[in-house]
Every structure is written in structure tokens, then in C-alpha cells.
Amino acid sequence: MVVHPALAKKDIYGDEPSEFPFDEKYAEKWEESAIMLPPYPDDRNLLLVPMNNFDTLKIYIEDKSISRAPDRVARFSLIAESPSGARSVFYDGYRCETRQYKTYAIGTSQHTWSPVANAQWQIVPRSEINAFRDNIYRHYVCDENNSARAPEDLRRLLKNQP
């Protein structure tokens, strides 16, 4: 038996509305949690993030800085190290539901944080080489349901790498 939607009866009582208006008050409003910068990363607490063989950067996440707030954002200190040993240090947040990241602060040569003025959410870039944020987003921070992993699950993933 084939049923065509155009021929189907709407409502046996005839009072079904033709459309259902969207009511904004029932939608969940996302609100970003307040953040506090963690202590500057300590080399003794760095967890190596495995990258592809053709990537030139070494990427680390600082174990003690990993958190997930009620806003469902995973936050942590991230270190990108070049082959020459030069480092860029970030305090980032990842919104798995929207494939976005935000850099809240950048590390200085004095091992302190410099907050980013007017930090904005950005789409996690997809590129071929040194796509460390994409690698972190897809393989470590976010689970198969596009939710940020619990901090202990992220630590376990990073510590149990071959």
C-alpha cells in the first residue's frame, strides 16, 4: 500500500494548524561560562598529542589545565612546538557542538598569560599540514556525539597513545 502525503488526512477533527510557529522561549539558550586562566603550563605536565607523520609541529596539552564547564566547552593549555624548539602557548576552548574554538590567552616569553582582547569563537580550520586544532577536535576533545569529552576521558586518551 502506498500513501501519498497530499492525499493523507490531516486531523480527523479538522483543527490541526497548517504550520507550527517556532517559539524562541522553548529553545535552549547557550551561555558561555565565566573562565579563569589556569597557571602557566608546566613542562612536567605536558601530554603529547599524536599528529600525522607529515606534520612538523609537536603539539602538547597541559594535563592540569584540562576542564569542561557547564557550558560544555572543553578548555586547556595548548603548546605548539616547532622543529627548532620555538613554542607558541595558548589557552583555548572548544565547542564541539558548533566545531568552534576560542583562544582566551596567549603565553608570553615571561611564562605568563596575555589575555586576548575581544576573543571570538572561530571555526576549527581544516588544512592539510599542521592542522593541529582539527586533529585535536576530531580525535581527542570531541566524542562521536559532538560533545566535549570529560577531562578524565581526554587525559586517558592522550596518555594511552602508542
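Structural data are supplied above this passage.
Residues numbered from 1 in each chain as written. Predicted model: local features only at pLDDT ≥ 70, side-chain atom pairs only at ≥ 80, totals over all residues. Heavy atoms only, no water.

## Focus on the pattern of salt bridges
Note on pairing: side chains with opposite charge can pair once their charged atoms come close. Per the stated rule, a full pass over the model turns up 13 salt bridges. The closest approach of N and O atoms between Glu97 and Arg72, which form a salt bridge, is 3.2 Å. Of this pair, Glu97 sits in the loop between strand S5 (87–95) and strand S6 (100–107) while Arg72 sits in the loop between strand S3 (67–68) and strand S4 (73–81), placing them 25 residues apart in sequence. A salt bridge links Asp92 to Arg133, with the shortest nitrogen-to-oxygen separation between them at 3.0 Å. Taken together, the positions of Asp92 in strand S5 and Arg133 in helix H1 (residues 132–141) put the pair 41 residues apart, joining distant regions of the chain. Each member of the pair, Asp92 together with Arg133, is buried. Each of Glu32, Asp71, Arg75 and Lys102 takes part in one network of salt bridges that share partners. (Salt bridge = Lys/Arg side-chain N within 4 Å of Asp/Glu carboxyl O. Helix = DSSP H or I, 4+ residues; strand = E, 2+ residues; numbered from the N terminus. Buried < 20%, exposed > 50% of the residue type's maximum accessible area, 1.4 Å probe, protein only.)

## Some details on the packing of aromatic side chains
The way to describe two aromatic rings as a pair is by their centre distance and the angle between their planes. Counting across every chain of the model gives 7 aromatic pairs. Between Tyr91 and Tyr104, the ring centres sit 5.9 Å apart and the planes meet at 45 degrees, which makes this aromatic pair tilted. Note that Tyr91 is positioned in strand S5 and Tyr104 in strand S6, a separation of 13 residues in sequence. Both residues of the pair, Tyr91 and Tyr104, count as buried. Counting every residue linked through ring pairs, the aromatic cluster contains Trp30, Tyr40, Tyr91, Tyr104, Trp113 and Trp121. Sitting over the ring of Trp121, Arg95 keeps its end group 5.9 Å from the ring centre. Across from the ring centre of Phe90, 4.8 Å away, lies the NZ or CZ of Arg133, which sits over that ring. (Phe/Tyr/Trp six-rings, centres within 6.5 Å; stacked < 30°, edge-to-face > 60°. Lys NZ or Arg CZ within 6 Å of the ring centre and 35° of its normal.)

## What about H1?
The element H1 is extensively covered by neighbouring structure, given that 8 of its 10 residues are classed as buried. What H1 keeps buried is the set Phe132, Arg133, Asp134, Asn135, Ile136, Tyr137, Tyr140 and Val141. As for H1, its buried residues are in contact with strand S1 (46–49), strand S2 (58–62), S4, S5, S6 and helix H2 (151–159). (Contact = heavy atoms within 4.5 Å.)

## Some remarks on the packing of H1 against H2
Running from N to C, H1 and H2 cross one another at 105 degrees; their axes reach a closest spacing of 10 Å. The orientation of H1 with respect to H2, classified from their angle, is roughly perpendicular. Side by side, H1 and H2 meet where His139, Tyr140 and Val141 of the first sit next to Leu154, Leu157 and Leu158 of the second. Tallied by class, residues from the contact of H1 with H2 come to 5 nonpolar, 1 polar and no charged. (Axes fitted to C-alpha atoms, helices over the stretch in contact; angles between N-to-C directions. Parallel < 35°, antiparallel > 145°, perpendicular 65-115°, else oblique. Nonpolar A, V, L, I, M, F, W, Y, C, P; charged D, E, K, R; others polar.)

## A word on the state of the cysteines
Counted according to the given criterion, the structure contains 1 disulfide. Between the sulfur atoms of Cys96 and its disulfide mate Cys142 the distance is 2.0 Å. Note on the Cys96 and Cys142 pair: the S-S dihedral is about -85 degrees, so by sign convention the disulfide is left-handed. Taken together, the residues Cys96 in the loop between S5 and S6 and Cys142 in the loop between H1 and H2 connect sequence positions 46 residues apart. Overall, the relative accessible area of 1% leaves Cys96 in the buried class. (Disulfide = S-S within 2.5 Å.)

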